[in-house]
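Structural description and commentary
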Amino acid sequence: MGNDTSSCGNLLLIPNVPGNSYLWSNGSTNNTIVADTTGTYILNMISTNGCTYNDSINVVIHPPTFIQFYRALTILFVKMRYHKL
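Residues numbered from 1 in each chain as written. Predicted model: local features only at pLDDT ≥ 70, side-chain atom pairs only at ≥ 80, totals over all residues. Heavy atoms only, no water.

1. Considerations on the nonpolar core
The line we're drawing: For the purposes of this section, nonpolar cores are sets of buried Ala, Val, Leu, Ile, Met, Phe, Trp, Tyr and Cys residues that join through side-chain atoms within 4.5 Å. Relative accessibility decides the category of a residue: with a 1.4 Å probe and only protein chains considered, values under 20% of the type maximum give buried, values over 50% give exposed, and everything between is partly exposed. Residue contacts follow a heavy-atom distance rule, with two residues in contact if any of their heavy atoms lie within 4.5 Å.
Grouped together as the largest cluster of nonpolar side chains are 12 residues: Met1, Leu13, Tyr22, Trp24, Ile33, Ala35, Tyr41, Leu43, Met45, Ile57, Val59 and Ile61. With residues up to four places along the chain from it excluded, the contact list for tryptophan 24 reads Met1, Leu13, Pro15, Asn30, Asn31, Thr32, Ile33, Ile42 and Leu43.

2. Regarding the confidence of the model for the protein chain
Here is the rule: Within a predicted model, pLDDT stands for the predictor's per-residue confidence, ranging from 0 to 100.
Taken as a whole, the protein chain shows an average pLDDT of 80; of its residues, 74% reach a score of 70 or greater. In the predicted structure, residues 76–85 sits below a pLDDT of 50 and forms 0 contacts with residues beyond four places in sequence or in another chain.

3. A closer look at the side chain of serine 47
Our working definition: Secondary structure elements follow DSSP: runs of H or I no shorter than four residues count as helices, runs of E no shorter than two count as strands, and numbering proceeds from the N terminus. Polar contacts, as counted here, are pairs of nitrogen or oxygen atoms within 3.5 Å of one another; within protein the pair requires one atom able to donate a hydrogen and one able to accept it, and residues that are adjacent in sequence qualify only if both atoms are side-chain atoms.
Mapped onto the elements, serine 47 comes out in strand S5 (residues 39–47). Serine 47 sits in the buried class, given a relative accessible area of 1%. A distance of 2.2 Å separates the side chain of serine 47 from the side chain of asparagine 49, its partner in a polar contact. Discounting chain neighbours no more than four positions away, the residues touching serine 47 are Val17, Pro18, Gly19, Asn20 and Tyr53.

4. Observations concerning the pairing of strand S6 (residues 52–61)
What counts here: Here, strands pair whenever DSSP counts at least two bridges between them.
Pairing analysis gives 3 bridges linking strand S1 (residues 5–7) to S6, with the strands arranged parallel. Looking at the pairing, serine 7 lines up with isoleucine 61 of S6. One ladder, built from 8 bridges, connects S5 with S6; its direction is antiparallel. When the bridges of S6 are listed, leucine 43 appears paired with aspartate 55.

5. Considering the side chain of serine 7
Mapped onto the fold, serine 7 is located in strand S1. Of the polar contacts made by the side chain of serine 7, one reaches the backbone oxygen of glycine 9; its length is 2.7 Å. Apart from residues lying up to four places away in sequence, serine 7 is in contact with Val60, Ile61 and His62.

6. A closer look at the sheet that holds S5
Note the threshold: A fitted line through C-alpha atoms serves as each axis, taken over the contacting stretch for helices, and the angle formed by two N-to-C directions is quoted from 0 to 180°.
Strand order across the open sheet formed by 4 strands is S1-S6-S5-S3, with mixed pairing between neighbours. Looking at which strands have only one partner, the edges of the open sheet turn out to be S1 and strand S3 (19–24). Across the sheet, the mean angle from the axis of one strand to that of its neighbour is 30°, orientation sign disregarded.

Take a look at the structure:
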């Protein structure tokens, strides 16, 4: 699945090898999974040629930073809008 990573939002995890059977650490049996929280995601998989693979990836999900910026713009707009000349 690659090196440990971080993201500023959800991250789609896709195995590097196509498989016939997937089992993720959260119990999902889908071929992909959405990482939406910080943590370790583990995959046990049987490939199309019958080999068993085990892999894990540590993911850090950072909270969005645009919220603070948006608030600052709103405050600026309100001050400009109600300023008397």
